[in-house]
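Listed here are the chains, written in short residue letters.
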Amino acid sequence: MNELPIFVRQGLAIGLLAVALLFSWSFVLHPLYLATKLSIEELDDARFELQRLAILAEDAATTTPDTILSELDTLQTQLFAMRTASDTDAHFLTAVDQLIRSSGIRLLQLKAGVPSRAGILTRYTVDINAAGHESDIARLLSGIEQHRPLLVIDHAALLSQGSPFADFDTAPVLSVQLRLSGFGADINLTESQGRKNAR
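Within each chain, residues carry numbers counting from 1 in the order of the written sequence. In keeping with the model being predicted, local features are shown solely for residues with a pLDDT of at least 70 and side-chain atom pairs are shown and tallied solely at 80 or more, while totals for entire chains, interfaces and linings include all residues. With hydrogens and water stripped out, all remaining heavy atoms of the structure feed into the side-chain values.

**Some remarks on the overall build of the chain**
A count of helical and extended segments in the chain gives five helices and five strands. Start at the N end of the chain and walk to the C end: the helices and strands fall as α-α-α-β-β-β-α-β-β-α. With 199 residues in all, the chain has 22% of them scored as buried. Counting only carbon and sulfur atoms, one obtains 62% of the accessible surface of the chain, whose full area is about 14100 Å². Helix and strand assignments follow DSSP, with helices taken as H or I runs no shorter than four residues and strands as E runs no shorter than two, numbered in order from the N terminus. Classification of residues uses two cut-offs on accessible area relative to the type maximum, computed with a 1.4 Å probe and protein chains only: under 20% is buried, over 50% is exposed, and between them is partly exposed. The protein chains shown are the only cover counted for residues, whose accessible areas, like all others here, come from Shrake-Rupley with a 1.4 Å probe.

Below, the structure written as structure tokens:
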């Protein structure tokens, strides 16, 4: 049997080497690379979580019961905290209604949303459609910003109802659409949690 020419043998050797390298990459090196990459990402996540827990532990070590109760009192001024959920909902709507009346704008529609849970808090929303002069709307927005318990503007739209050719001496009437949110908490839950953390 005649030997293959040297260039053919070299070509076969190179081909076999390429197949071997491809096989080792596909079935050995690539899975090992992916496993190593995943392990490194998990270690980074664990390191970050450990640092976060260490910071929390340091804060907890220097926090006194009086500090916890003081922070709880401050938090409750930001919440519509009542004894029952229905009382909280009514308190939220009453606060919004009082802001509207004190601003001087004309309420066209007020629609309360369905309360939703946000952790241990309950989120209350209301959609407002009203009309008024610019100064009245500015007064309403200022009242919302300064209000305690906290009110959040989730959506706002301001539209002009007047003609662009109207008398410049007459203040234009604007239409405003707002969606406001407030957060409520069961006052019994917040008080018991505060006492528990203060121990």
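**Section: the packing of helix α3 (residues 85-103) against helix α4 (residues 134-146)**
It is at 8 Å that the axes of α3 and α4 come closest, and there the two elements cross at 145 degrees. The interaxial crossing formed by α3 with α4 has right-handed handedness. Contact residues: α3 offers Leu 99, Ile 100, Ser 102 and Ser 103, while α4 offers Asp 136, Arg 139, Leu 140, Gly 143 and Ile 144. Only Asp, Glu, Lys and Arg are considered charged, only Ala, Val, Leu, Ile, Met, Phe, Trp, Tyr, Cys and Pro nonpolar, and every remaining residue, Gly among them, polar. For the contact of α3 with α4, the class distribution of residues is four nonpolar, three polar and two charged. Orientation is described by lines fitted to C-alpha atoms, with helices fitted over the stretch in contact, and by angles between N-to-C directions that extend from 0 to 180 degrees. When the near helix sits turned anticlockwise from the far one by under a right angle, the crossing is termed left-handed; a clockwise turn instead gives a right-handed crossing. Contacts between residues were defined by any pair of non-hydrogen atoms, one from each residue, lying within 4.5 Å.

**Some thoughts on α3**
In this analysis, the expected span of each helix is defined as 1.5 Å times one less than the number of residues it contains. If you check α3, its first and last C-alpha atoms are 27 Å apart, about what 19 residues at 1.5 Å a residue would give, namely 27 Å. Gly 104, located one to two residues past α3, shows a positive phi value of around 95 degrees.

**A look at the nonpolar core**
Phe 92, Val 96, Ile 128, Leu 140, Ile 144 and Leu 151 are the most contacted members of the largest nonpolar core, which has 19 residues in total. Where this core is concerned, the elements lending two or more residues are α3, β3 (121-133), α4 and β5 (173-184). Counting residues per element, this core draws most heavily on α3, at five residues. With residues up to four places along the chain from it excluded, the contact list for Ile 128 reads Val 96, Ile 100, Leu 107, Gln 109, Val 176, Gln 177, Leu 178 and Leu 180. Grouping buried Ala, Val, Leu, Ile, Met, Phe, Trp, Tyr and Cys residues that are joined through side-chain atoms within 4.5 Å yields what is termed a nonpolar core.

Remember that the coordinates give geometry; whether it matters functionally is a separate question.
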